[in-house]
Amino acid sequence: MDILEKINNLRKTLNQANENYYEKDMPTITDSEYDEILAELSKLEELYPEYKSIDSPTSKVGGKVSEKFNSYKHRYPLLSLGNAFSYQELRAFDIRVKKALNKEYIEYMAELKIDGLSVALIYQNGELILGATRGDGSFGENVTNNIMTIKDIPKTIKIKGNLEVRGEVFMDNKTFDDLNTIRLIEGLPLFRNPRNAAAGSLRQLNNRITSQRRLKSFIYEITYSDKLNYKSQDEVIRLLKDNNFSTNNKWIKGDIEDIINFCKKVILERNSLKYGIDGVVVKVNKLADQMELGYTEKSPRWAIAYKFPPEQKETIVKDITISVGRTGVLTPMAELKETLIGGSQVKRATLHNQDYIIDKDIRVGDTVILQKAGDVIPEIVRVITEKRPQTSTPYIFPDKCPICCSEVIKIEASIKCTGELYCPAQLVKGLIHFVSRDAMDINGLGEKYIEYFVKEGLINTPVDLYRLKKEDISVLEGLGEKSANNIIEEISKSKTRGLGPLLYGFGIPLIGNKGAKILAKSFKSIDRLLNLNKEELLEIETVGDKMADSIVAFFNESRNINIISELRSLGVIMEDDTRNLSEDLKGKTIVITGSFSGYDRKELSNLVELHGGKASSSVSKKTSYVLAGDDPGSKLSKAVDLGVKVITLDDLLGLISERMKKDEYNK
Ligand code: IVH
């Protein structure tokens, strides 16, 4: 047998095994047999690279763990859609379209907007050769190995030549519930909603996991094809269906009023669907019209997404609990019967404060209407009083702190515990804040250890942290020499974070991360802050009356003065030493999203600021650039929507002078 024949035989065996495993759910060989054959094939392909092939099982399926996803440049970018939040906005879209095309009648096609993640599937001569995620729209991740495990995505089709189709990969509600139930039993973190679960499952390095997650797809677009002819979107859907793609059959065509009626129907049926949707996509049906309308920079002019009004559902308030925050504020929470709403499982909703509860007369045992719009936090709209149990009584807000039993006082709408640092809740939360990322950033000393050390009586103030010795903590159960050493080292490292993080870490009321940075930059040393009066503070543009009072009060408090002087004697740096390295980013506001190899986001925002720029966390029209890394979040789509320029890490490094590359910065 010659080598090629041997290679082909091995490939055939593996392909058959894959089909049995992934598509028929009936494995015919064991995992180790599979791995053995795969190893033999890989070896031969290595020795005879001329026989390598992209559709070999070595580069396709097989449960192997790939290094990392390669990036894939989309032939045509995956754009986003403009939104319509009301029927009025849909009618306005219709008027725009008619005007641009100079026509009196336009036929639209409305499809469900599936809440999954978009993928591009590339076929060559009837074979699926590549699957990619949307990524940032221009570059996606090559997730072919994972796509191959999705049963309803055809691996071979009758259509020859080059073809790209696009659609949505999603997880249905039942699969999501089952998955989270198993994760709960296994003590694994739960997925927030089916969309996240689908994304997490598709982006697995081990495609056996993807295969177990039972993902599904709905395909809705033919991006290009050199063999097919079609003139309208409904023809596209029919063609896709005829070629064994999974298409969603809930769609209609008609004029804009027909579409609006369809939207109304979908809203009513939404909860009985087996999968999540977040709107209706309305498309001009004729492709010739689509062509004529064309695209803006970010979205097609021939389509729009109708977004549903916030979803509402009934649920039950099982209990009302109170949490005590860092500043002592008692926040009531409704513990709810868990419900899937607006794409996520919700079991708690904030009740804000006492007045809110009184206003809405929310009681334990009440049936309530819960509302959730998009990414917004869920809220209780009202109580269904007809369903209130007869024995129900109004909720009585505690008159003592539920944690430390200290008296409470009412300040404006808030009820506050007066226990201050005698209250374990405030103490622990204050310390957690002190060590947090934007404050002293003490790595490895998380919530768990702070709680533990406080409970053991080892720490009561930030000063105690710097007095901790390895011997104090290495003897504690669950901590060895190694982690004790590590913690002490990290605490020591944090001494040089500088004035801004320290001020933020103190948790001065009304002073956030940004405020702390401004104070540090303006006054440079803690000694100046200790001797400031209100007028000097008010000279700073961003410091208002209440903020100034809060700062003055903090630095006049003898307890705080003592903490500061003790921290200083323990070697904590109290000066601002952030000299700018350049002014290359002066006047630029940059929002960072996604992950970057070799840098974490905090390092990058420091980098931006060291070069005179401003790092911001929310995208607005004023944002100069959005720096997008791998797996960017919603900030990227917001940037695209607002027309904000999106840059890569290389672009950013290009903007700052050559001398300032990572190594230099790390010195
Ligand atoms: S058509 C130019 N049809 O919605 C984009 N998109 O907000 C044309 N989506 O990225 C897309 N269901 O991931 C279209 N039936 C559908 C859809 C759909 C879900 C997603 C898609 C797109 C996003 C745009």
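Before reading further, recall that the structure is shown in the block above.
About the criteria used
Residues numbered from 1 in each chain as written. Predicted model: local features only at pLDDT ≥ 70, side-chain atom pairs only at ≥ 80, totals over all residues. Heavy atoms only, no water. Pairing = 2+ DSSP bridges. Helix = DSSP H or I, 4+ residues; strand = E, 2+ residues; numbered from the N terminus. Axes fitted to C-alpha atoms, helices over the stretch in contact; angles between N-to-C directions. Phe/Tyr/Trp six-rings, centres within 6.5 Å; stacked < 30°, edge-to-face > 60°. Lys NZ or Arg CZ within 6 Å of the ring centre and 35° of its normal. Core = buried A, V, L, I, M, F, W, Y, C linked by side-chain atoms within 4.5 Å. Buried < 20%, exposed > 50% of the residue type's maximum accessible area, 1.4 Å probe, protein only. Contact = heavy atoms within 4.5 Å. Near = heavy atom within 4 Å. Polar contact = N/O pair within 3.5 Å; in protein donor to acceptor, adjacent residues only side chain to side chain. Areas by Shrake-Rupley, 256 points an atom, 1.4 Å probe, with all protein chains shown as cover. Nonpolar A, V, L, I, M, F, W, Y, C, P; charged D, E, K, R; others polar.

1. Description of the sheet that holds strand E12 (residues 311–324)
Sheet strands pair by backbone hydrogen bonding; their relative direction is either parallel or antiparallel. In space, the five strands of this open sheet follow the order E14-E13-E12-E15-E16, with antiparallel pairing throughout. Both edges of this open sheet fall to strand E14 (344–350) and strand E16 (379–383), since each of them pairs with a single strand only. Taken over all neighbouring pairs, the strand axes of this sheet differ in orientation by 45° on average, direction set aside. Where strand E13 (residues 330–341) meets E14, six bridges bridge the pair, whose relative direction is antiparallel. Paired with leucine 340 across the bridge in E14 is glutamine 345.

2. Looking at the packing of aromatic side chains
The description of an aromatic ring pair uses the distance of the two centres, along with the angle that the planes make with each other. Enumeration over the complete set of coordinates arrives at 16 aromatic pairs. Ring plane angle 85° and centroid distance 6.3 Å describe the contact between tyrosine 395 and phenylalanine 397, whose orientation is recorded as edge-to-face. An aromatic cluster is built from Phe434, Tyr466, Phe506, Phe554 and Phe555, whose rings are joined through pairwise contacts. In this structure, lysine 73 packs its charged tip against the face of phenylalanine 139, placed 5.2 Å from the ring centre. The ring of tyrosine 224 has arginine 75 sitting right over it, with the charged end atom 3.7 Å from the ring centre.

3. Quick look at the nonpolar core
Counting 51 residues, the largest nonpolar core has Leu445, Phe453, Leu503 and Phe506 as the members making the most contacts within it. Look past the residues within four positions of phenylalanine 453 in its chain and what remains in contact with it is Leu445, Leu458, Ile459, Leu468, Ile473, Leu476, Leu479 and Ile487. If you look at the next biggest cluster of nonpolar residues, it comprises 34 residues, including Phe69, Val119, Ile147 and Leu179.

4. Some thoughts on the site of the ligand
In the vicinity of the ligand there are 13 residues, among which Glu111, Ile114, Glu168, Tyr220 and Lys283 approach most closely. Take lysine 113: an N or O atom from its side chain is 3.3 Å from an oxygen atom of the ligand. Isolated, the ligand exposes 520 Å² of accessible area, and the fraction of that covered by the protein chains is 88%. When residues of the shell around the ligand are traced back to their parent elements, those giving at least two are strand E3 (108–114) and strand E10 (277–284). Considering each element in turn, the shell around the ligand owes the most residues, four residues, to E3. A breakdown of the residues in the shell around the ligand according to their chemical character gives seven nonpolar, two polar and four charged.

Structural measurements only, silent on function.
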